[in-house]
Amino acid sequence: AQRVTQPEKLLSVFKGAPVELKCNYSYSGSPELFWYVQYSRQRLQLLLRHISRESIKGFTADLNKGETSFHLKKPFAQEEDSAMYYCALSGFGNTGKLIFGQGTTLQVKP
Amino acid sequence: DAMVIQNPRYQVTQFGKPVTLSCSQTLNHNVMYWYQQKSSQAPKLLFHYYDKDFNNEADTPDNFQSRRPNTSFCFLDIRSPGLGDAAMYLCATSRDRGDNSPLHFGNGTRLTVT
């Protein structure tokens, strides 16, 4: 079964500390992975996707097919990074389907 | 700004009373999606429209229907809401269905069933 697991509901760090938001997936096909973010009182929006291999707002994520993981990392957290982060799985052809994890709330303390 | 707009932000309905949620977009995207998100759970895809082609998820209850009268608008109809249907309903659009087309979300409608 296709599934995305984000094991931490809440991750609390101090400003300047490194951040790693964990994401594991289960999918026998060729996965496409994304991170979506929702800041307070804003809409859910795309943060980054693994095919782009880009760094957005200092965040990076590497797809590790051996460990079936797509962890989101940032070396130095900032207070404005506080938000809800969702890992999402696609790769089901032209079905339009995106499977989300349950989300992790990142709280960056001053 | 091109965007996805959901109305209303909050909707209260009574048990069994039909309710319609609306979504409009100015992005001219081909695909429109409806997701249901219950408290502390992941958003779950209910169905999507690719242009006029309706695509239902296998586990979406029959109680949920959708209409897309034109490119810009899409509606979610809940024929007989139950208490278990209380949730945040998210509309999203994408240019295409492929993985290179990210989703653009609206702010959501929070549905309360009394």
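These remarks concern the structure in this document. What you see is a predicted model, and the numbers here were worked out from it, not measured in a lab.

**Digging into the pairing of strand S6 (residues 53-56) of chain B**
All names here are of chain B.
Inference 1: Sheet topology places strand S5 (residues 44-50) next to S6; four bridges connect them, and they run antiparallel. By the bridge assignment, Tyr50 is partnered in S6 with Asp53.
Inference 2: Between the antiparallel neighbours S5 and S6 lie two residues, among them Asp51 with a positive phi of about 60 degrees.

**Details of the sheet that holds strand S3 (residues 19-25) of chain B**
All names here are of chain B.
Inference 1: Strand order in the open sheet formed by four strands is S1-S3-S8-S7, with antiparallel pairing between adjacent strands. Edge positions in the open sheet fall to strand S1 (4-7) and strand S7 (64-67), since each of these has one partner strand only. Each adjacent strand pair in this sheet contributes to an overall mean axis angle of 20 degrees, direction not counted.
Inference 2: Taken together, the four bridges between S1 and S3 define a ladder with antiparallel strand orientation. The partner of Asn7 across the bridge, within S3, is Ser22.

**Observations concerning the interface of chain B and chain A**
Inference 1: Facing the 22 residues of chain B at the interface are 22 residues of chain A.
Inference 2: Taken together, the two surfaces of chain B and chain A that pack against each other cover about 1,900 Å², and 47% of this comes from carbon and sulfur.
Inference 3: At the surface where chain B touches chain A, the tally comes to one salt bridge.
Inference 4: Of all the elements, strand S4 (residues 31-37) of chain B adds the most residues to the side of chain B that touches chain A, at three residues.
Inference 5: Its residues placed into classes, the side of chain B that touches chain A shows 10 nonpolar, nine polar and three charged.

**Examining the layout of surface pockets**
Inference 1: Here the largest pocket defines a volume of roughly 640 Å³.
Inference 2: As for the largest pocket, its lining consists of 28 residues, of which A:Gln38, A:Tyr86, B:Gln37, B:Met88 and B:Arg110 are closest to the centre.
Inference 3: Those elements giving two or more residues to the lining of the largest pocket turn out to be strand S9 (83-90) of chain A together with strand S9 (87-94) of chain B.
Inference 4: Among the elements that take part in the lining of the largest pocket, S9(B) stands out by supplying three residues, more than any other.
Inference 5: Considering only residue class, the lining of the largest pocket consists of 10 nonpolar, 13 polar and five charged.

Cut-off values and rules
Residues numbered from 1 in each chain as written. Chains lettered and ligands numbered in written order. Predicted model: local features only at pLDDT ≥ 70, side-chain atom pairs only at ≥ 80, totals over all residues. Heavy atoms only, no water. Pairing = 2+ DSSP bridges. Helix = DSSP H or I, 4+ residues; strand = E, 2+ residues; numbered from the N terminus. Axes fitted to C-alpha atoms, helices over the stretch in contact; angles between N-to-C directions. Contact = heavy atoms within 4.5 Å. Buried area = accessible area lost by both parts, 1.4 Å probe. Salt bridge = Lys/Arg side-chain N within 4 Å of Asp/Glu carboxyl O. Nonpolar A, V, L, I, M, F, W, Y, C, P; charged D, E, K, R; others polar. 1 Å grid on protein atoms, 1.4 Å probe; cavity = no way out; pocket = protein on both sides within 12 Å on 5 of 7 lines; lining within 4 Å. Points joined across faces, edges and corners; volume = space filled by probe spheres on them.

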